[in-house]
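Each chain, letter by letter, is given below.
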Amino acid sequence: MRDFLVAGNWKMNGNNAANAELVAGIIAGVPGGGGFSLLVCPPFPYVGAVSAQAEGSPLKVGAQNVSEHEKGAYTGEVAPAMLRDVGCEYVIVGHSERRALYGESSEQVAAKFVAAQDAGIIPILCIGETLEEREAGTTEAVVDAQLDAVLDAAGIAAFANAVIAYEPVWAIGTGMTATPEQAQDVHAHIRARLAGESEAIAGDVQILYGGSMKGENAAGLLAQPDIDGGLIGGASLKADDFLAIAQAAASLR
């Protein structure tokens, strides 16, 4: 049975004082038992401080983005080795906001995925469709194309050390949520697509749901056979809200 991963994407929120209070609250309230992990992804300036505070606790730390370049004249960019140096174990690549607002292509996302792994960081690959694409019936084709870019660049073996997050773009920050059945259908499709390359790797890879998961709906989503956790936005900014999702995960293991 795959463990759950409950990952908080803080986006462009927080400050030193608020972050310290949030992390302390999460660490103090981690549910007992096993079968799940907790992760927070703060903005770049706070990764080091959050990592230091989380050291020795069950809380893991990641980043929200990374450069595909190892080093050099890329003003404003952050290299994978730099993230590893300040304690990152994970990094989000290909979030829909990066794709839509900053024009990141699937090929660039694939390059970031490879660069993160080369530096010893686990990439969380985000894939998902817009409302227009869902209404047009192209959800599977869209996620296949985003997934195939990484398969072409890295091969199926790379997914033995990676996480996938399915994020229906229409359910991010809108309050809308895919039904457990809608989410499960896409998660199952993603797993089947990987199984066409390797059943063993497909069976082990964690696939998170990333569309407005919160305490009230977490149990129903996490009870689905192919949903292995959540990539949490707004609900990760308050310890009680984040821990409610963690508790739902713990109760199912």
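Here the residue numbers are simple positions, counted from 1 along each chain's written sequence. Only residues with pLDDT of at least 70 get local features here, since the model is predicted, and only at 80 or more are side-chain atom pairs given and counted; chain-wide, interface and lining totals rely on the full set of residues. Excluded from the side-chain calculation are hydrogens and water; included are all heavy atoms of the structure.

Undergrad: Lay out the overall build of the chain in plain terms, naming residues and giving numbers.
TA: Starting at the N terminus, helices and strands are each numbered in turn, a helix being any DSSP run of H or I of at least four residues and a strand any DSSP run of E of at least two. Across its full length, the chain carries 11 helices and eight strands. For 253 residues, the compact-globule estimate of 2.2 N^0.38 gives 18 Å, and the C-alpha radius of gyration of the chain, at 17 Å, lies within 12% of that figure. Viewed in the frame of its principal axes, the chain has a C-alpha envelope of about 45 × 45 × 35 Å. Burial classes: relative accessible area under 20% of the type maximum marks a residue as buried, over 50% as exposed, and values in between as partly exposed (1.4 Å probe, protein chains only). For the chain, the residues scored as buried account for 51% of the 253 residues in total. The accessible surface values rely on the Shrake-Rupley method and a 1.4 Å probe; as for residues, cover is taken only from the protein chains in view. Of the roughly 10,700 Å² of accessible surface on the chain, a fraction of 51% belongs to carbon and sulfur atoms. Here Asp and Glu are counted as negative and Lys and Arg as positive; His is not counted, and neither are the chain ends. Taken as the charge location is NZ of Lys, CZ of Arg, CG of Asp or CD of Glu. Treating the 14 positive side-chain charges of the chain as one cloud and the 31 negative ones as another, the clouds have centres 3 Å apart. With C-alpha atoms as the basis for the radius of gyration, the globule rule is written as 2.2 Å multiplied by the number of residues raised to the power 0.38.

Undergrad: Describe the packing of aromatic side chains, listing the residues and the values that go with them.
TA: Between the rings of Phe, Tyr and Trp (Trp by its six-membered ring), a pair exists once the centres lie within 6.5 Å; its type follows the angle of the planes, with under 30 degrees stacked, over 60 edge-to-face, and the other angles tilted. Evaluated as defined, the whole model comprises two aromatic pairs. Taken together, a centroid distance of 6.4 Å and an interplanar angle of 55 degrees make the contact between Tyr166 and Tyr209 tilted. Residue Tyr166 is found in strand 6 (residues 163-166), and its partner Tyr209 is found in strand 7 (residues 206-209); the two are separated by 43 residues along the sequence. The burial state of Tyr166 is the same as that of Tyr209; both residues are buried. Definition used: whenever NZ (Lys) or CZ (Arg) falls within 6 Å of the ring centre and also within 35 degrees of the ring normal, the charge is taken to sit over that ring. Of note, Arg98 hangs over the ring of Tyr102, and the distance from its end group to the ring centre comes to 4.2 Å. In this arrangement the basic side chain of Arg253 is found over the ring face of Phe4, its NZ or CZ atom lying 3.9 Å from the centre.

Undergrad: I'd like a rundown of unusual backbone geometry, residues and numbers included.
TA: Note on backbone geometry: most residues besides glycine have negative phi, and most peptide bonds are trans. In this structure, Lys11 is a non-glycine residue whose phi angle is positive, near 55 degrees. Among the residues examined, Lys11 registers a relative accessible area of 22% and is labelled partly exposed. The backbone of Ser212 shows a phi angle near 60 degrees, a positive value even though the residue is not glycine. Tracing the backbone shows Ser212 in the loop between strand 7 and helix 10 (215-222).

Undergrad: Could you give an account of the pattern of salt bridges, naming the residues involved and the relevant values?
TA: Here a salt bridge means any side-chain nitrogen of Lys or Arg lying within 4 Å of a carboxyl oxygen belonging to Asp or Glu. Counted according to the given criterion, the structure contains 10 salt bridges. For Lys11, the salt bridge is made with Glu97, and the minimal N-O distance between the two is 2.8 Å. Within this pair, whereas Lys11 is found in the loop between strand 1 (4-9) and helix 1 (16-28), its partner Glu97 is found in helix 4 (residues 96-102), the two being separated by 86 residues in sequence. For the salt bridge of Glu197 with Arg193, the shortest nitrogen-to-oxygen distance reads 3.6 Å. Given the relative accessible area of 22%, Arg193 is considered partly exposed.

Undergrad: Kindly report on the layout of surface pockets, identifying the contributing residues and their values.
TA: The gaps left among the atoms become clear once a water-sized probe is rolled over them. Only protein atoms enter the 1 Å grid used here. Points where a 1.4 Å probe fits but cannot escape make up a cavity, open sets with protein on both sides within 12 Å along at least five of seven lines make up a pocket, and a residue lines them when an atom lies within 4 Å of a point. Grid points are joined across faces, edges and corners, and a volume is the space filled by probe spheres set on the points. Approximately 470 Å³ is the volume found for the largest pocket. No other element matches helix 4, which puts four residues into the lining of the largest pocket. Gly is put with the polar residues, along with every residue not named as nonpolar or charged; the nonpolar set is Ala, Val, Leu, Ile, Met, Phe, Trp, Tyr, Cys and Pro, and the charged set is Asp, Glu, Lys and Arg. Here the residues of the lining of the largest pocket sort into eight nonpolar, six polar and four charged. As a volume, the second largest pocket reaches approximately 230 Å³.

Undergrad: An account of the environment of Ile121 is needed here, citing residue identities and associated values.
TA: By the element assignment, Ile121 lies in the loop between helix 5 (106-118) and strand 5 (122-127). Residue classification places Ile121 among the buried residues on the basis of a relative accessible area of 0%.

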